[in-house]
Amino acid sequence: MMELDDGQKFALMKFRRSVHDVLQPHHNDAFLLRWLRARSWNPEAAEKMLRQSMRWRLQWEVDTALKNWTCPEVIKLYYPHGICGVDKAGGPIVVIAFSGLDLIGLLHSVSRQDLIRTTIQILENLLQIAAANGSSAITVLCDMEGFSLRQYTWRPAAEYIIALIQLYEANYPEILRACYIINAPRVFAIAFNAVKRFMNEFTISKIQIMKKDPKKSKAMLLANISADQLPVEYGGDLTDPDGNPKCLTKINYGGKVPKTYYTKNLQVDESANKKDYVKTVIKKGDKLVLDFVVKEEDCFLRWDFKTEDHDIRFGITLKDAEGKISPAVRHSRVASHQIDESGVLACQAPATYIVTFDNSYSLMRSKKISYSVYLTPSIKKMNILPSVEEVAAILENTDTIDDNDHDIEAISNLAHLKP
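Q: Give me helix α7 (residues 155–171): which residues, what numbers.
A: Relative to the 24 Å expected for 17 residues at 1.5 Å per residue, α7 spans 24 Å between its end C-alpha atoms, a close match to the ideal helical length. The complete set of buried residues in α7 reads Ala 157, Ala 158, Tyr 160, Ile 161, Ile 162, Ala 163, Leu 164, Ile 165, Leu 167, Tyr 168, Glu 169 and Asn 171.

Q: So what's going on with the packing of helix α2 (residues 29–38) against helix α3 (residues 43–59)? Residues and values would help.
A: Where α2 contacts α3, the two axes come as close as 8 Å, and the packing angle between them is 115 degrees. The interaxial crossing formed by α2 with α3 has right-handed handedness. Counting all contacts with α2, which are made through Phe 31, Trp 35, Leu 36 and Ala 38, the residues of α3 involved are Pro 43, Ala 46, Met 49, Leu 50, Ser 53 and Met 54. Of the residues that constitute the contact of α2 with α3, the class distribution is 9 nonpolar, 1 polar and no charged.

Q: An account of the packing of helix α1 (residues 6–18) against α2 is needed here, citing residue identities and associated values.
A: For the pair α1 and α2, the least separation of the axes is 10 Å and the interaxial angle reads 100 degrees. Here α1 is positioned roughly perpendicular relative to α2, judged by the angle of their axes. Residues Ala 11, Leu 12, Phe 15 and Arg 16 of α1 form the contact with α2, whose participating residues are Asp 29, Leu 32, Leu 33, Trp 35 and Leu 36.

Q: A description of the packing of aromatic side chains should follow, citing residues and the corresponding values.
A: Under the definition given, this model contains 11 aromatic pairs. Pairing Trp 56 with Tyr 172 gives two aromatic rings, centres 6.0 Å apart and planes at 90 degrees, and the pair type is edge-to-face. Here the residue Trp 56 occupies a position in helix α3, and Tyr 172 occupies one in the loop between α7 and β4 (176–182), the gap between them amounting to 116 residues. Residue classification places Tyr 172 among the buried positions, given a relative accessible area of 1%. For the ring pair Phe 147 and Phe 188, a centre distance of 5.7 Å and an interplane angle of 85 degrees mean the geometry is edge-to-face. Of the two residues, Phe 147 sits in the loop between β3 (138–143) and α7 while Phe 188 sits in helix α8 (residues 188–195), which places them 41 residues apart along the sequence. In this structure Phe 188 comes out as buried when scored by relative accessible area, which is 8%. Among the aromatic residues, those joined into a cluster by ring pairs are Trp 303, Phe 305, Phe 314, Phe 357 and Tyr 371. Geometry around Trp 69 places Arg 117 over its ring, the cationic atom sitting 5.9 Å from the centre.

Q: I'd love a proper account of the sheet that holds strand β11 (residues 325–334), names of residues and values included.
A: With antiparallel pairing, 4 strands are arranged side by side in an open sheet as β8-β13-β10-β11. With one partner strand each, in any of the chains shown, β8 (287–294) and β11 form the two edges of the open sheet. Sheet twist, expressed as the mean angle between neighbouring strand axes with direction ignored, is 10 degrees. Pairing between strand β10 (residues 312–320) and β11: 7 bridges, direction antiparallel. Directly across from Lys 319, in β11, lies its bridge partner Ile 325.

Q: Explain the pattern of salt bridges residue by residue, including any values.
A: All chains considered together, the criterion is met by 14 salt bridges. A salt bridge links Arg 177 to Asp 87, with the nearest nitrogen and oxygen atoms 3.0 Å apart. Remark: Asp 87 occurs in the loop between β1 (81–86) and β2 (92–97) and Arg 177 occurs in strand β4; sequence separation between them is 90 residues. Overall, Arg 177 belongs to the partly exposed group, its relative accessible area being 24%. Between Arg 313 and Asp 358 there is a salt bridge whose closest N-O contact spans 3.4 Å. Of this pair, Arg 313 sits in strand β10 while Asp 358 is found in strand β13 (residues 351–358), placing the two residues 45 residues apart along the sequence. Of the residues examined, Arg 313 reaches a relative accessible area of 23% and is grouped as partly exposed. Given the relative accessible area of 6%, Asp 358 is considered buried.

Q: Account for the pairing of β4, naming residues and giving values.
A: With 6 of 7 residues buried, β4 lies mostly within the body of the structure. Where β3 and β4 come together, 6 bridges link them in parallel fashion. Considered in β4, the bridge of Asp 143 is made with Ile 182. On the question of chirality, the crossover connecting β3 to the parallel β4 by way of α7 is right-handed. Taken together, the 3 bridges between β4 and strand β5 (residues 207–209) define a ladder with parallel strand orientation. Looking at β5, one finds that Ile 181 is bridged to Ile 209.

Q: How would you sum up the sheet that holds strand β7 (residues 278–282)? Please name residues and give values.
A: Here we have 4 strands laid out as an open sheet, ordered β7-β14-β9-β12, and antiparallel in their pairing. In the strand order of this sheet, the two ends are held by β7 and β12 (341–346), each with one partner. Here the strands of the sheet are splayed against their neighbours by 25 degrees on average, with no regard to which way each runs. Two elements, strand β9 (residues 300–307) and strand β14 (residues 367–376), share 8 bridges in a ladder whose sense is antiparallel.

Cut-offs applied
Residues numbered from 1 in each chain as written. Predicted model: local features only at pLDDT ≥ 70, side-chain atom pairs only at ≥ 80, totals over all residues. Heavy atoms only, no water. Helix = DSSP H or I, 4+ residues; strand = E, 2+ residues; numbered from the N terminus. Expected span 1.5 Å × (residues − 1). Buried < 20%, exposed > 50% of the residue type's maximum accessible area, 1.4 Å probe, protein only. Axes fitted to C-alpha atoms, helices over the stretch in contact; angles between N-to-C directions. Left-handed = near helix turned anticlockwise from the far one by under 90°. Contact = heavy atoms within 4.5 Å. Nonpolar A, V, L, I, M, F, W, Y, C, P; charged D, E, K, R; others polar. Parallel < 35°, antiparallel > 145°, perpendicular 65-115°, else oblique. Phe/Tyr/Trp six-rings, centres within 6.5 Å; stacked < 30°, edge-to-face > 60°. Lys NZ or Arg CZ within 6 Å of the ring centre and 35° of its normal. Pairing = 2+ DSSP bridges. Salt bridge = Lys/Arg side-chain N within 4 Å of Asp/Glu carboxyl O. Right-handed = clockwise from strand over helix to strand, strands pointing away.

Printed below as a string of structure tokens:
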């Protein structure tokens, strides 16, 4: 445990005394210090945070029914994650291959609540493994190979990701020893910029992002992980008994969810996007410039486009309320004739965002382009709790929850809790 100065020792003593009525035998000083650090050593703020989390645990039955809950088959088969070993401090290493995360398929097949329950179970299991090894923190390895923003521009998928971040920050403070994000494509920086506003400074400080560079990724990972605990796939020595370098017996890499599992007909916004999907020709030496005026904080600017046969220069410029201009997405040539270009940008307000498709460098060829660029409403108030309307829908669908008084009461109460 870290060395404490006199002020921190006093804060710990005061905090322990104020929450003694909700503490369990396994809630030691290391546990209490997590909440204090998350609230900058303010005992009153830490107490409020811990008590809110305890109520959250009751509502989600984390310490009771959830311990014995079994996730639906489709989650078990297609929700990518796995524990490959432990880091040098004894904390478990969880591997998440984002290329195998089919959120559209999963959200068509199960409720968001079931996906959240699954994540809670995973986090609780990780903390149990850490505690058994004398640790209180975990290491996360996110493989972004093949990552695409396309499915995350679908609002239910974006809401789910934000919900998980809020769940983690509110109820699992200071448990991250390190988060290694490897094989990150250029577009991932846009996604990370959009979601990091929902993370606290401690979480962000533990994240290391590396583009595809196996040699550098290996060195970064082995600084915290022994080679025999890291799969060969990521630069270690660990394999399956049959020699498989991806350690498939330990790690579920997910995959595309077959539509035979679909139980819902959710709107994927594709029809809405198509009516705004514009086809045009940008003449040689010319530009297409689109202005978007943002009046509300925490809106998002989204784009999706493709060109025929040739590339295009693309970029976004920010003009703030004082007229100061700065790059929001730096202008560069993109191979949108080879793969569709998609992205999302968290906007400030008031401001104007100037989207430019630039063909001025081409003196010989005009470019055919199909694009959809639009602003979405603010998602600042997203939270993990279902709305009253969602609860009503859940209660009508006995396939979503167990038909018993405990489930009905828990979900009904969730709709009226404050985030």
